[in-house]
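Working through the structure, step by step
Each chain, letter by letter, is given below.
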Amino acid sequence: MKNRNAQWLARALIVAMFAAAIWSWPAAPAQIPIHWNIAGQIDGYGSKFAGLLLMPVIGLAGYALIGLTAVIRPEQFEGRAMSALSWFRLAYVLVMAGVFGVIVADAGGSNVNMNYVIFPLLAVTMIAIANLLVQLNRIKMAKTAPPGGGVQV
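Since the structure is predicted, the reported quantities are computational estimates derived from the model, not experimental observations.

The rules behind each value
Residues numbered from 1 in each chain as written. Predicted model: local features only at pLDDT ≥ 70, side-chain atom pairs only at ≥ 80, totals over all residues. Heavy atoms only, no water. Helix = DSSP H or I, 4+ residues; strand = E, 2+ residues; numbered from the N terminus. Rg over C-alpha atoms; globule rule 2.2 N^0.38 Å. Buried < 20%, exposed > 50% of the residue type's maximum accessible area, 1.4 Å probe, protein only. Areas by Shrake-Rupley, 256 points an atom, 1.4 Å probe, with all protein chains shown as cover. Lys, Arg positive; Asp, Glu negative; His and termini not counted. Charge placed at Lys NZ, Arg CZ, Asp CG, Glu CD. Expected span 1.5 Å × (residues − 1). Contact = heavy atoms within 4.5 Å. Axes fitted to C-alpha atoms, helices over the stretch in contact; angles between N-to-C directions. Parallel < 35°, antiparallel > 145°, perpendicular 65-115°, else oblique. Left-handed = near helix turned anticlockwise from the far one by under 90°. Nonpolar A, V, L, I, M, F, W, Y, C, P; charged D, E, K, R; others polar. Core = buried A, V, L, I, M, F, W, Y, C linked by side-chain atoms within 4.5 Å. Arc of directions from axis to C-beta.

With respect to the overall build of the protein
Along the backbone of the protein there are four helices and two strands. Counting helices and strands in the order they occur from the N terminus, the protein gives α-β-β-α-α-α. Here the C-alpha radius of gyration of the protein, 19 Å, is well above what a compact globule of 153 residues would show, namely 15 Å. When its C-alpha atoms are laid out on the principal axes, the protein stretches across 70 × 30 × 20 Å. For the protein, with 153 residues in total, the buried portion stands at 39%. Looking at the protein as shown, the accessible area adds up to about 9100 Å², and 70% of this sits on carbon and sulfur atoms. Averaging the coordinates of the 10 positive side-chain charges in the protein and doing the same for the 4 negative ones gives two points 12 Å apart.

Have a look at this one:
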């Protein structure tokens, strides 16, 4: 069973990223911050395309590719595992949207430390990955356990 709330929110974030890119395009400078160092400070710039369109495109592509895993291997994504996959997809899109948000803010003249955005979002993603792995392991263990649970006395 897919988690419809997670799917709806992820899709809304992707649409919002494209809308923000279109909205901020005319006022954005020719060079936009696209890379930060470990201290969270800007150390690389790119074109408007790289700064405003690449992240939404990568977010959409990643969302679609992660969803393809359930299509390619449906037997591994039953019940709770499918829900966990939906939450992982949302976590991925949250990271992309967070980075994109900092790019748009910095392009607009703000000076946002990327670390305040990316590290909490990566923590959420790690939780989503752990949940997905636990659910996949439960399915695997249920399929490989002998009848009666495997305990013989």
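A look at helix α3 (residues 80-107)
The end-to-end C-alpha distance of α3 is 40 Å, a good match for the 40 Å that 28 residues give at a rise of 1.5 Å each. Counting buried positions along α3 yields 22 of 28 residues, so the element is predominantly enclosed. Of the residues trailing α3, Gly 109 is marked for its positive phi of about 110°.

Notes on the side chain of Gln 7
Mapped onto the elements of the fold, Gln 7 is located in helix α1 (residues 4-24). Once you skip the residues sitting within four places of it in the chain, Gln 7 turns out to touch Lys 2, Tyr 63, Ser 86 and Arg 89.

Focus: the packing of α1 against α3
Helix-helix packing is characterised by the crossing angle of the two axes and by the distance between the axes. It is at 9 Å that the axes of α1 and α3 come closest, and there the two elements cross at 20°. By the criterion of interaxial angle, the relationship of α1 to α3 is roughly parallel. In this structure, the crossing between α1 and α3 has a hand that is left-handed. In this structure, α1 uses Ala 6, Gln 7, Leu 9, Ala 10, Leu 13, Ile 14, Met 17, Ala 20, Ala 21 and Ser 24 to contact α3, whose residues at the interface are Ser 86, Trp 87, Arg 89, Leu 90, Val 93, Leu 94, Met 96, Ala 97, Phe 100 and Val 104. Broken down by class, the residue content of the contact of α1 with α3 amounts to 16 nonpolar, three polar and one charged.

Structural notes on the nonpolar core
With 37 residues, the main nonpolar core has Phe 77 and Leu 85 as its most contacted residues. Those elements giving two or more residues to this core turn out to be α1, β1 (32-36), α2 (48-72), α3 and α4 (115-144). Per-element accounting of this core gives the leading share, 17 residues, to α3. Dropping the residues within four chain positions of it, Phe 77 is found in contact with Thr 69, Ala 70, Met 82, Leu 85, Leu 132 and Leu 136.

What about α1?
The first and last C-alpha atoms of α1 sit 30 Å apart over 21 residues, in line with the 30 Å expected at 1.5 Å per residue. Within the span of α1, buried status applies to Ala 6, Gln 7, Ala 10, Ile 14, Met 17, Ala 21 and Ser 24. Down the axis of α1, the smallest arc covering the buried residues is 150°, so these residues share one side. Opposite the buried face of α1, at more than 90 degrees from it, the exposed residues are Arg 4, Asn 5, Trp 8, Val 15, Ile 22 and Trp 23. Structurally, α1 contributes buried residues whose contacts are with α2 and α3.

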